[in-house]
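# Tertiary structure, described
Each chain, written out:
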Amino acid sequence: MTTNIFTGRTWPRLLQQRHLPLLATLALLLVMYGVGVSQYRAFSNVQVIFNVFIDNGFLLVVAVGMTFVILTGGIDLSVGSVVAMTAMVSASLLQDGKPAPLVLLIALLIGPALGFVMGCVIHYFEIQPFIVTLAGMFFARGMCTWISETSIPITDPFWTAAAQERIGDPRGNFVSVSVLIAFAVVAIAAYTLAYTPLGRNVYAIGGNPQSALLMGLPVARTRIAVYTISGLCSAVGGILLSFYTLSGAPLIAVGMELDVIAAVVIGGTVLTGGSGYVFGTVLGVLVLGVIQTLITFDGTLSSWWTKIVIGGLLFVFILLQRLIGIRKK
Amino acid sequence: MSALKNHRLFWPVLVLVALLTANAIYRPSFLAVQMRDGHLYGSVIDIVRLSAPLILVALGMTLVIATGGIDLSVGSICAISGAVACFYISQQPDQNSLASVLTALVLGLGLALVLGAWNGVLVAIIGIQPIIATLILMVAGRGLAQLITEGQIITINSSPYKTIGVGHLLTLPFAIFVALAVTVLLAALTRRTALGMIIESVGGNAEASRLAGIRSRRIIFLAYVISAVCAAIAGFMLTANVSSADGNSAGLWIELDAILAVVIGGTSLAGGRFFFSGTILGALIIQTLTTTVYAMDISPQTSLLFKAVVVIAVCLIQAPAFRDKFTRRKPTAVSQKEQVPA
Amino acid sequence: MTHPVLTMTSISKTFPGVRALDGVQFRLFPGEIHALMGENGAGKSTLIKVLTGVYSPDEGAIDLAGTPVSFGGPMQAAAAGVSTVYQEVNLCANLSVAENIFIGREPRRLGSIHWGEMRRRARALLARLDLDIDVTALLGTYSLAVQQMVAIARAIDIKARILILDEPTSSLDAREVEQLFRIMRQLRDTGIAILFVTHFLDQVYSVADRITVLRNGKLVGEYPIAELPQLALVEKMIGKELDVLERLEEQPKRDLAALEASTPFIQADGVGRKGVVAPFSLTIHGGEVVGLAGLLGSGRTEVARLLFGADRADSGRFVVNGAQTPMRNPVAAIGHDIAFCSENRRTEGLVGDLTVRENIILAMQAARGWLRPLPRRRQDELVAKYVEALSIRPSDPEIPVRNLSGGNQQKVLLARWLITEPRLLILDEPTRGIDIGAKAEIQKLVVQLSDGGMAVLFISAELEEVLRLSHKIAVMRDRNLVSQLANDDTVSAEHIMQAIASAGGTGQ
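Before going into details, it helps to say that this report is about the structure given with it. (Residues numbered from 1 in each chain as written. Chains lettered and ligands numbered in written order. Predicted model: local features only at pLDDT ≥ 70, side-chain atom pairs only at ≥ 80, totals over all residues. Heavy atoms only, no water.)

## Some details on the overall build of chain C
Rules: Secondary structure elements are defined from DSSP: runs of H or I of at least 4 residues count as helices, runs of E of at least 2 residues count as strands, and each element is numbered from the N terminus. The reference for a compact globule is 2.2 Å times residues^0.38; the radius of gyration itself is calculated from the C-alpha atoms. To sort residues, take the accessible area from a 1.4 Å probe on protein chains only and compare it with the maximum for the residue type: under 20% means buried, over 50% means exposed, and anything in between is partly exposed. Between two residues, a contact is recorded if the distance between any of their heavy atoms is within 4.5 Å. For the accessible areas, the method is Shrake-Rupley and the probe is 1.4 Å, while residue cover comes only from the protein chains on display.
Helix and strand content of chain C: 19 helices and 22 strands. For 508 residues, the compact-globule estimate of 2.2 N^0.38 gives 23 Å, and the C-alpha radius of gyration of chain C, at 25 Å, lies within 12% of that figure. Considering only C-alpha atoms, chain C reaches an extent of 75 × 55 × 45 Å along its principal axes. Taking all 508 residues of chain C together, the buried fraction comes to 57%. Taking as baseline every contact in chain C between residues at least 6 positions apart, the subset at least 24 positions apart corresponds to 68%. Looking at chain C as shown, the accessible area adds up to about 19500 Å², and 50% of this sits on carbon and sulfur atoms.

And the structure:
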């Protein structure tokens, strides 16, 4: 009786390992920022950071939705197309003279509806998320050109106001409305994942779907919910993008799903599901944004280095995840 | 009739015939083939010529999928190999020299071998999920291609190179012969040796294959290398079509079409049995769909709508869960297995 | 005596081709630990699944504390107080300990999850189980034993009246098992009825109060632990009445001495793998059939897998044909002319997609490498020969192997290895789940092969088979090779049962 062998932890080091990818991303971000500040005087300007958020607000929102999907072990390839479709639908409806609130409502309903349908097909017909969301990607992109083959400008006063509104401090640093919306989305998502049963079920399903089922968790509902959430986030992202560009263009945000997936993975979320944080995704998006900013500041580096660096980072982070996975076994 | 209906190529052939028929009704000249300047011309020949790159990529993809994997990087490999070849040719004093074109091709293929080996190592040796492992090169590869072309669109003026894309041989487009040659070569490589069966074994049941003494790592590695080489040849074709290399757009989204072609052709994404004939049919269906939509004066982008419908329809028809729910026949082997007491 | 908390009456359940349960009775009293025993296919898991609502019984009634019940699934069962903890811990390793206990019914405050309350309650609950661990740490950072305890904590928090422990000890070491038992006794004393499934006999005797034995889907009997000695239990589980076995033994025993004189084909010397099978030594000669007897879970299959390199041994050495050799992987074993027919035909043996022909030539082709395909004519000859010799039905070699019956699939797997002309053939439960005719054919084949000089390691749960075929019998018990007997006239089923049941050591 005196020897209780179940006290204490078996491998205390692993506790820190679960935060390792996140810490690595944070360190990377700080190093990149440090490099920027040391190399370019203008880089230390707070507005540089704000601009990263302004330029990537819509990406952040979409990446938050993708985080939900990836946490369950799924993937959503349709996000870029849904972003474009939402912007197109908004622009086209506004062009027809529909009132802005109605347009917002419709635009925000289409994405989740598509996500809901995809989630149902994935869950009930057991077809891989990759294929189903690929079809969703084709569908949404096709809808874009079906609506219009050319870009549609937006002149609606609500939209232009949202685009031009600067919220700033007295020294002239500012952010756009989109940034605030993006922050709100991040906060809601972080709360949902940490403090609601839905959020915890997302982690459970990503960790072990069979166990989740045996523990009586609502697997079907949760899985459909994450694709719906991703659709909703893509729709919000689409609205933000239309604020940013004040137009709807059929070929905008092509390939955006790759950036989004990269941001989520670099943010420490494991692609096989079950582990990761919205905060990590914020860091991942910032890493992408800062890389772009650095390359812009440099001026001699060409834009394609962005992709190569992102690919390289993806490799490093995936390898890191794999190594942690092996050690866990 | 039932036997015919159960043939694995029944649905793909039916769809292709339906598409061709729709075209022929819409535009009776569709099926016509004319002889001009010693070359055959016609919509059908165009469809085959234009689908050649997709066929090539999809053939390689078929092998990767048969092992139970997937290769997302083929589009980027198309762009890289096309860029290398065009860049090399553009640096030559005589762009029409056959020797320099051949050197360019060897360079492109060599690089593709390296890239395929990279994917193979990540998947087979390090053990990263295929979809993630090849995502790395999918993202970085576009950047590499642009690095090679320095962000420019390299335009070349080389008639030997151009031949790969738009040349003719024996009255038919040269590209058709390239696709045919690769098909024959791959068919021989997999079906004349035991490679095909061993790939199917690894994809069908990895553990049983290991216990039968198959060294599956080598096989999986090989599949990714073959896939990369096929993609490289497709890359040559795509860049030769337009006599220029654009790192950004060459082979863009071809990986998705290729996966689609493989799935339409009846090869399961879960791995196992693979069918080159089905894959080729799948590629032809995709190209016919695009051409049809084009011929009907709908924008090419909108053809994606139709593609979405086809993807979902084909996948649903093949999904056991869907069949069980919507057909009231005897349960499939899968559902029977699940009922056996543990 | 109190009333039973659970009564299952005349439970029958039939699956296509199998009568898994046939009029089984089962009862469970509050405050007892009740062991459910039986060999593979006896119907233990089916009975548990019927109880927890995974299956609905074809016939029979379930009565829980005086009310007839019929659960729609494990969740409903748990809600009614019947909780199950499975062999593989069915929790999420990526969530914290506290969360694993409470997910699905988290304490809430203003709609949000109340983490502080959850942690407090988790600590209190685990304290009841004598477990003092950091409940905020991820479950995956703890050993399997702790994970098992957490699973039990989750189960009893759902106000369990009945706790089903389905082989909870199979991955625990001796000390961990002791701790688990302490907790089981503690829970029993609070009035919970515990249904305990295990393959380890010692454990049954050290913790259980009552035993129910099932065999082939039928109830053999229910016994207080004191009234059923170990040997009697083994007999009841294995089921051949001794006199029946004796009669089978009248066949001439096979002579060992002549064989043992030659150089052994393979010698395993202190070979073992931590947590899988304790180091053992085993020698097999050409032309010799070595039978491996033991209950399910005793380590029979694990021995076979080590010999074939399917799992790597982490101690000891192999000597093949007089030369020491590391058995690194199946490729190496096959290089030494060793063949292995797994007991799991579907998952580890055949490739269902491939045809009968392809499955048969697979190992030979793998050994040749893909660049040197076996000529089609040679393939057809070999396949035709073995389809004929083993009477594989249907005889068309071009149909997918998954369409064949179990017995024919087994023959296909045998044929795969026979065409490689191995010098050691390892057969793991080759006759399980196949019809009598096929069974007799396979037994006959084993005799023929060994007469032809092949060494055979024959694993079977049926003692009768082992006795009839083997020159030598090795007995496994609790992952130890406990004894090796020359199969001469002095050896009987009773001897082997004694070896299986003997309480030597504490197992593990």
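## Structural notes on the overall build of chain A
Inclusion rule: The positive count covers Lys and Arg only, the negative count covers Asp and Glu only, and His and the chain ends enter neither. To locate a charge, take NZ of a lysine, CZ of an arginine, CG of an aspartate or CD of a glutamate.
Helix and strand content of chain A: 14 helices and four strands. Its C-alpha atoms give chain A a radius of gyration of 21 Å, near enough to 20 Å, the size a compact globule of 329 residues would have. Of all 329 residues assigned to chain A, the portion counted as buried reaches 57%. Sequence-distant contacts, at least 24 apart, represent 78% of the contacts inside chain A between residues at least 6 apart. For chain A, the accessible surface area stands at approximately 13300 Å², while carbon and sulfur atoms represent 67% of it. When the 16 basic and 11 acidic side-chain charges of chain A are each reduced to a single mean position, those positions are 19 Å apart.

## Things to note about the sheet that holds strand S16 (residues 315–320) of chain C
Remark on secondary structure: sheet strands pair via backbone hydrogen bonds, oriented parallel or antiparallel. All names here are of chain C. To keep things clear, this is the line we draw: Two strands are said to pair when DSSP picks up at least two bridges between them. Axis geometry follows a simple rule: fit a line to the C-alpha atoms, using only the stretch in contact for helices, then measure angles between N-to-C directions, giving values from 0 to 180 degrees.
Read from one edge to the other, the open sheet built from four strands follows the order S14-S13-S16-S17, with strand pairing classed as antiparallel. Edge positions in the open sheet fall to strand S14 (277–285) and strand S17 (323–325), since each of these has one partner strand only. Averaged over neighbouring strand pairs, the angle between their axes works out to 20° when direction is ignored. Sheet analysis places strand S13 (residues 264–273) next to S14, joined by six bridges and oriented antiparallel. Note on S14: the bridge partner recorded for Pro264 is His285. In this fold helix H11 (residues 300–308) packs onto S13, S14 and S16, with an angle of close to 65° to the strand it touches most, S14.

## Let's talk about the interface of chain C and chain A
Applied cut-off: Once two parts are put together, the accessible area they lose, assessed with a 1.4 Å probe and summed over both, is termed the buried area. When a carboxyl oxygen of Asp or Glu lies within 4 Å of a side-chain nitrogen of Lys or Arg, that pair is called a salt bridge. In protein, a polar contact means a hydrogen-donor-capable atom and an acceptor-capable atom, both N or O and within 3.5 Å, with residues adjacent in sequence counting only if both atoms are side-chain atoms; elsewhere, any N or O pair within 3.5 Å suffices. The residue classification treats Ala, Val, Leu, Ile, Met, Phe, Trp, Tyr, Cys and Pro as nonpolar and Asp, Glu, Lys and Arg as charged. All others, Gly included, are polar.
Every contact between the two is made by 39 residues of chain C and, on the other side, 31 residues of chain A. Summing both sides of the interface, chain C and chain A together bury roughly 2900 Å²; the carbon and sulfur share of this comes to 62%. Looking at the side of chain C facing chain A, the largest losses of area belong to C:Asn90, C:Asn94 and C:Thr141, adding up to 17% of the total buried there. Our count for the chain C to chain A interface comes out at one salt bridge. Counting every contact that joins chain C to chain A gives eight residue pairs in polar contact (both at pLDDT 80 or more). Counting residues per element, the ones that place at least two in the side of chain C that touches chain A are helix H2 (74–79), helix H3 (97–102), strand S8 (112–113), helix H5 (144–157) and helix H6 (174–189) of chain C. A breakdown of the residues in the side of chain C that touches chain A according to their chemical character gives 18 nonpolar, 11 polar and 10 charged.

## Here we look at the interface of chain A and chain B
It is common to report an interface's size as the accessible area lost on association of the parts. Contacts between chain A and chain B engage 38 residues on the former and 46 residues on the latter. Between chain A and chain B, a total of about 3700 Å² is buried, with carbon and sulfur atoms accounting for 84% of that surface. The largest per-residue losses of area from chain A upon contact with chain B belong to A:Phe125, A:Phe138 and A:Trp304, which jointly make up 19% of the total buried on that side. Viewed at the interface, chain B and chain A are joined by zero salt bridges. For the pair chain A and chain B, the number of links is one residue pair in polar contact (both at pLDDT 80 or more). Elements represented by at least two residues in the side of chain A that touches chain B include exactly helix H5 (100–125), helix H6 (129–147), helix H12 (256–266) and helix H14 (304–328) of chain A.

## A short note on the pairing of strand S19 (residues 424–428) of chain C
Residue and element names in this part refer to chain C. Counting buried residues along S19, five of its five residues qualify, which places the element largely inside the surrounding structure. Every second residue of S19 is oriented toward a common face, with Leu424, Ile426 and Asp428 on one face and Leu425 and Leu427 on the other, all of them buried. As defined by bridge partners, strand S18 (residues 338–341) adjoins S19 across four bridges and the pair is classed as parallel. Counted as the bridge partner of Phe340 is Ile426 from S19.

## Notes on the packing of helix H2 (residues 20–39) of chain A against helix H13 (residues 278–298) of chain A
Residues and elements named next belong to chain A. Here is the rule: Working rule for angles: under 35 degrees goes down as roughly parallel, over 145 as roughly antiparallel, 65 to 115 as roughly perpendicular, anything else as oblique. Crossing chirality is assigned from the near helix's rotation relative to the far helix, an anticlockwise turn below a right angle marking it left-handed and a clockwise turn marking it right-handed.
Packing of H2 against H13 brings their axes to within 10 Å, and their N-to-C directions diverge by 25°. Comparing their axes, H13 and H2 come out roughly parallel. The interaxial crossing formed by H2 with H13 has left-handed handedness. On H13, the residues that touch Leu22, Thr25, Leu26, Leu28, Leu29, Met32 and Gly36 of H2 are Phe279, Gly280, Leu283, Gly284, Leu286, Val287, Val290, Ile291 and Leu294. Grouping the constituent residues of the contact of H2 with H13 by class yields 12 nonpolar, four polar and no charged.

## Overview of helix H6 (residues 130–149) of chain B
All names here are of chain B. Basically, it comes down to this: To estimate the expected span of a helix, count its residues, drop one, and scale the result by 1.5 Å. Bend, at a single residue, is the angle you get between axes fitted to the 7 residues ending at that residue and the 7 residues starting at it.
In a regular helix each residue adds 1.5 Å, so 20 residues correspond to 28 Å; H6 covers 28 Å between its end C-alpha atoms and thus fits that length. Its maximal kink placed at Ala140, H6 deviates by approximately 35°. Counting buried positions along H6 gives 15 out of 20 residues, so the element sits mostly inside the fold.

## Structural notes on the sheet that holds strand S15 (residues 289–293) of chain C
Residue and element names in this part refer to chain C. Spatial ordering of the open sheet is given by S18-S19-S20-S15-S21-S22, a layout of six strands whose pairing is mixed. Edge strands, defined here as strands with exactly one partner in the open sheet, are S18 and strand S22 (480–486). The mean inter-strand angle of the sheet, taken between neighbouring strand axes irrespective of direction, is 15°. One ladder, built from four bridges, connects S15 with strand S21 (residues 472–477); its direction is parallel. In the strand pairing of S21, Gly291 is matched with Ile473. H11 rests against S15, S18, S19, strand S20 (455–459) and S21 of the sheet, and its axis sits at about 145° to S18. Contacts from helix H19 (residues 493–501) reach S15, S21 and S22 within the one sheet, and its direction differs from that of S21 by about 30°.

## What to know about the packing of aromatic side chains
To keep it simple, the criterion reads: Aromatic pairing here means that ring centres of Phe, Tyr or Trp (its six-membered ring) are within 6.5 Å. Orientation follows from the plane angle: under 30 degrees is stacked, over 60 is edge-to-face, and everything else is tilted.
Tallying each qualifying case throughout the model produces 15 aromatic pairs over all chains. Aromatic pair A:Tyr33 and A:Phe43: ring centres 5.7 Å apart, planes at 55°, arrangement tilted. Of this pair, A:Tyr33 sits in helix H2 while A:Phe43 sits in the loop between H2 and helix H3 (46–71), and the two are 10 residues apart along the sequence. Judged by relative accessible area, A:Phe43 falls into the buried class, the value being 1%. Aromatic side chains C:Phe308 and C:Phe340 sit 5.3 Å apart centroid to centroid with 40° between the ring planes, which places their arrangement in the tilted category. Linking C:Phe308 in helix H11 with C:Phe340 in strand S18, this pair joins segments that are 32 residues apart in sequence. Neither C:Phe308 nor C:Phe340 differs from the other in exposure class; each is buried. One aromatic cluster in this structure is built from A:Tyr33, A:Tyr40, A:Phe43 and A:Phe297.

## A word on H6(A)
Taking 1.5 Å per residue, 19 residues should reach 27 Å; H6(A) reaches 26 Å between its end C-alpha atoms and fits that length. Within H6(A), 15 of the 19 residues are buried, leaving the element largely enclosed by the surrounding structure.

## A word on the pattern of salt bridges
Evaluation of the coordinates by the stated rule reveals 22 salt bridges over all chains. With a closest N to O distance of 3.8 Å, C:Asp58 and C:Lys13 form a salt bridge. Of the two residues, C:Asp58 sits in the loop between helix H1 (44–51) and strand S4 (59–64) while C:Lys13 sits in strand S1 (residues 6–15), which places them 45 residues apart along the sequence. Among the ionic contacts, a cluster of salt bridges with common partners joins B:Glu207, B:Arg210, C:Arg305, C:Asp311 and C:Glu348.

## Quick look at unusual backbone geometry
All names here are of chain A. The backbone of Glu126 sits at a positive phi, close to 55°, despite the residue not being glycine. By the element assignment, Glu126 lies in the loop between H5 and H6. The backbone of Leu246 sits at a positive phi, close to 50°, despite the residue not being glycine.

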